[in-house]
Amino acid sequence: MIKLAVSLFFASMGLSLVLTPAFRFLASRIGFVDAPADNHKRHEHAVPLLGGPAMFMAWLAVAMTGGATALFGSCADFGSYVGSHLAVGLRTHSVQAAWVIIGAAGAMLLGLVDDARPMKAHVKFLGQFLISLAAVLGGGVRINVFVFESDIASMAVTVFWFMLLMNSINFFDNMDGLAAGCVTMAMAAFCVVTALGGQVFATALCALNCGVVAGFWFYNTSPARIFMGDSGSHFLGYLCALTAATVTYFMQGSSASRLSILMPLFILAVPLFDTLTVVVIRTWAGRPFWIGDNNHISHRFVRMGFSRAGAVRVVHLLSLALTAGAFIVYKGSPQLAALAVVQTVLVLVLVTAIQLVAGRGSGK
């Protein structure tokens, strides 16, 4: 299992490291750039805007090569357990896998169109809804927790989850390296969880995702040499939703309590909480919640006196700290898991309170 994860991670990261500068060059040649403007990113120079296609092509190439190797080649190097699971699973679920890939392509293309010519909000939401349906109906992706007794309820929640994550990562991509770093760390955490649980396909997916984003992150750190754009944020949001919904969190003999189903909320706590706060702030101010502004958690750290790069590092550290709570929920007793939930909520409330008080004190 470890060998599988390491192989996929380095293969996808290596290809992403190669393709990202290639797409950066292409974006510069055709003028597909994010020009300086009075926006929430506030960059000083035109930055190429094809990070999404670069990540998607790296992801697709490694996924297709790995799938073909499992079906027609030999996975003996990974052991009989992993090799047999990969081959049988792909033959059994090849149609569902194709729909998942179609959904990923749709997410990237929807964002790419929006990068080229900004869409109206309702058109974008409709596109996200159709992409989510492709994963849920065609790909068979479901969020199955104990409170859902009907398949319809599970499907509805899963569609909402996909749309939520695509918008959350899109909102969260507001500073150099911020979203790429958090998604990389999230995928690494998911990979550890799936490897501990012996989930072959989920481990392969997490390692593949992690490598692709890590390779792009190298070029996206401050000062960013390329932006992921809406194409990248939609694609990564789709991958986050897909991964979180695919992983099994509660298993008899492995998980200590049913509260382990809350693990994805810990791992993705920062972008999800950031989305919640900006939606509340914008709605309270009477503005449409889908219009960008400078009220994200990263912006509030800047108003406290951090540099933009420093604010990104603080958010990454916060994300790591909260992700650690996921493993307490996974292996801890029900009482310890409940305490971890309370602690996480209190940390987020405390950080927000400090930011608000500091912002008022500075007059910003």
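See the structure shown above.
Here the structure is a predicted model, which means the values were calculated and not measured.

Undergrad: How should I be thinking about the nonpolar core in this particular structure?
TA: Counting 94 residues, the largest nonpolar core has Trp59, Phe190, Phe235, Leu236 and Tyr238 as its most contacted members. Excluding anything up to four places from it in sequence, leucine 236 contacts Met55, Ile169, Val183, Val213 and Met228.

Undergrad: Can you walk me through the pattern of salt bridges in this structure?
TA: Close approach of charged atoms lets side chains of opposite charge pair. Enumeration according to the criterion identifies five salt bridges in this entry. With a closest N to O distance of 3.2 Å, aspartate 293 and arginine 287 form a salt bridge. For arginine 287, a relative accessible area of 37% corresponds to the partly exposed category. Within this structure, Asp114, Lys124 and Asp230 form a network of salt bridges that share partners.

Undergrad: Honestly, the packing of helix α4 (residues 94-116) against helix α9 (residues 229-246) in this entry has me stumped. Any pointers?
TA: Helices that pack against each other are described as a pair by the angle of their axes relative to one another and the distance between those axes. Put simply, α4 and α9 touch, their axes get as near as 6 Å, and they point 150° apart. Classified by the angle between their axes, α4 and α9 sit roughly antiparallel to one another. Along this stretch, α4 crosses α9, giving a crossing that reads as right-handed. Residues Trp99, Val100, Gly103, Ala104, Ala107, Met108, Leu110, Gly111, Leu112, Asp114 and Asp115 of α4 pack against Gly229, Asp230, Ser231, His234, Phe235, Tyr238 and Leu242 of α9. A per-class count over the contact of α4 with α9 returns ten nonpolar, five polar and three charged.

Undergrad: Before we go on, may I ask you to explain helix α7 (residues 178-196) in this structure?
TA: Taking 1.5 Å per residue as the helical rise, α7 with its 19 residues ought to reach 27 Å, and the 28 Å between its terminal C-alpha atoms agrees with that figure. Across the 19 residues of α7, 15 count as buried, placing the element largely inside the fold. At the C-terminal side of α7, glycine 198 shows a positive phi close to 70°.

About the cut-offs
Residues numbered from 1 in each chain as written. Predicted model: local features only at pLDDT ≥ 70, side-chain atom pairs only at ≥ 80, totals over all residues. Heavy atoms only, no water. Core = buried A, V, L, I, M, F, W, Y, C linked by side-chain atoms within 4.5 Å. Buried < 20%, exposed > 50% of the residue type's maximum accessible area, 1.4 Å probe, protein only. Contact = heavy atoms within 4.5 Å. Salt bridge = Lys/Arg side-chain N within 4 Å of Asp/Glu carboxyl O. Axes fitted to C-alpha atoms, helices over the stretch in contact; angles between N-to-C directions. Helix = DSSP H or I, 4+ residues; strand = E, 2+ residues; numbered from the N terminus. Parallel < 35°, antiparallel > 145°, perpendicular 65-115°, else oblique. Left-handed = near helix turned anticlockwise from the far one by under 90°. Nonpolar A, V, L, I, M, F, W, Y, C, P; charged D, E, K, R; others polar. Expected span 1.5 Å × (residues − 1).

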